[in-house]
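Secondary and tertiary structure notes
Here is what each chain is made of, one letter per residue.
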Amino acid sequence: MLRSISTSVALAVLLAGPSLAASDAPLLRAELGLAERPEIYLVLSPAAGELTVKARGIALDRIALAGVWLRYPGPWLGAPSARGLRAPAVLTVRRAPLETAVPAASGDPPETPPTEVRALLDGGLELVAVTITPRTGWWRRLGSALGGAWTALSGDGVDAAPALVVQVSPADLSRVAHLLERDRRVLLADARPAP
Amino acid sequence: MALDLASSEERTTAWGRLAAGIVLVLLLTAVIGVGGLPAAHWTALGGREAAVESPQVIEGGRGALRAWRRLAVLRPRGLYLVVDTQANRLRVHRDGELLRAAACSTGTGRILRDPRGGRLWVFATPTGERRIRRKVADPVWVKPDWAFVEQGEEPPRDPRERRDEVSLGDYGLYLGDGYIIHGTLFESLLGRPATHGCIRLGGEDLRWIYEEVPVGAAVYLY
């Protein structure tokens, strides 16, 4: 009798599934759309501090993120033009980092390993992986304004593309570059500002 | 004389005010000018949603539950393989649990061009989901054209000249489109990219996978 009750409880829990709130639905639906295809996709979760490699809803690999930032252009003292980024959002890699990398002349490793890789996503948004914590404060903004003015004056234009910037360990940088292949889909799971 | 002094002081004060005014205008112009320059704004992400007091909200969460169940159906059952083509590692899982990990060799990404016909081959291991279509003991490799072009030879017309009974090792697990998980004569290269797109394994790992992993098992390559 006791065994039959415990079996029923276990079955009920299994059928009910996990604890879910209505707010979980958009993310699950977005992932479902990706998991239905026989493809690898990435899930970028700033809240979890992780970039997860997934297929069919299962995690194949994880890369720890030391930080995630949204970098967006705007006048130095004015209101920024693109403060928010909606999540969940499915973004496609339009230009992979390895497509822009300069091939080495020989098989030897480069003298100075790269500290940054960039991939172009939908709508001109960049995904930038860095190994050094970006300087994001007031002085940095002033510096970027003056630097931007100088590059504009020198005719190079201003690099003002909005970007998702993730910080990874130096060992993981090449993994991220490898994973961001063209047409790969990236699910941005959340994009709430850090407290 | 006193009148002259007073007017001189007034003149100095007036000049001082003018100079201060000019400096102020210049400063304001500089601030407004620099302030209007485009700059990079940064927002740190990673905030978490406020905890829901009673998360098991079936009414509100019904859509979420439905999506979760549909996702659960898609997950592979039983044994499946995961190939990390960057680290050159192959793992075997059962329902998420890691059973075995092995060094392997995957594609180099090298490009070969046929000097005669101009054909192009990219020796990369494909990514995505595949399945083990068949398993073969003592597999025979029917060498494709690129294997001859690479050696600077003309691909033979006689199919018998394409047979290679040695290179694939003891077992072959076929993934379709000519991609095979097989053995190697060059075990010292395992853990490094070395192939034309196939996945090479050491003899012991290959035997274990051949015996344990069934036909139809999913293979995830990234």
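Description of the structure in this document. (Residues numbered from 1 in each chain as written. Chains lettered and ligands numbered in written order. Predicted model: local features only at pLDDT ≥ 70, side-chain atom pairs only at ≥ 80, totals over all residues.)

1. What about the overall build of chain B?
Test applied: Secondary structure elements follow DSSP: runs of H or I of four or more residues count as helices, runs of E of two or more count as strands, with numbering from the N terminus. Exposure classification rests on a simple neighbour count of other C-beta atoms within 10 Å of a residue's own: a residue reaching 20 or more is buried, one at 12 or fewer is exposed, and one in between is partly exposed. C-beta atoms are placed from the backbone. Here, residues touch in the contact sense if the C-beta positions derived from the backbone fall within 7 Å of one another.
Within chain B, the secondary structure is distributed over four helices and 14 strands. Within chain B, the proportion of its 222 residues that are buried is 26%. For chain B, contacts bridging at least 24 residues in sequence account for 59% of all contacts bridging at least 6.

2. A closer look at helix α2 (residues 25-35) of chain A
Operational definition: This arc is taken over the directions from the axis of the helix to the C-beta atoms.
Within α2 of chain A, burial applies to Leu28, Ala30, Glu31, Leu34 and Ala35 of chain A. The buried residues of α2 of chain A occupy one face: seen down the axis, they fall within an arc of 160 degrees.

3. A closer look at the sheet that holds strand β5 (residues 89-92) of chain A
All names here are of chain A. Keep this limit in mind: When DSSP finds two or more bridges between two strands, those strands count as paired. Note on definitions: angles span 0 to 180 degrees between N-to-C directions of axes, and those axes are lines fitted to C-alpha atoms, for helices only across the stretch in contact.
Strands sit in the order β3-β2-β1-β9-β5 across an open sheet of five strands; the sheet is mixed. One side of each edge strand has no neighbouring strand; the edge strands of this open sheet are β3 (58-64) and β5. Each strand of the sheet is rotated relative to its neighbour by a mean of 25 degrees, with strand direction disregarded. Where strand β1 (residues 41-45) lies against strand β2 (residues 50-55), five bridges are found, and the strand directions are antiparallel. Bridge pairing links Leu42 to Val53 in β2. Its contacts with the sheet put α2 on β1, β5 and β9 (185-188), and the angle it makes with β9 is roughly 170 degrees. On the sheet, helix α5 (residues 170-179) packs against β1, β2 and β3 and is oriented at approximately 135 degrees with respect to β3.

4. Topic: helix α4 (residues 203-212) of chain B
Residues and elements named next belong to chain B. Of the positions making up α4, those classed as buried are Leu206, Ile209 and Tyr210. Projection of α4 onto a plane perpendicular to its axis shows the buried side chains occupying an angular sector of 100 degrees, all on one side. Turned more than 90 degrees away from the buried face of α4 sit Glu204 and Glu211, all of them exposed. Those residues of α4 that are buried lie in contact with β3 (89-94), β8 (134-137), β11 (171-176) and β13 (199-201).

Don't take any of this as a statement about function, it's just geometry.
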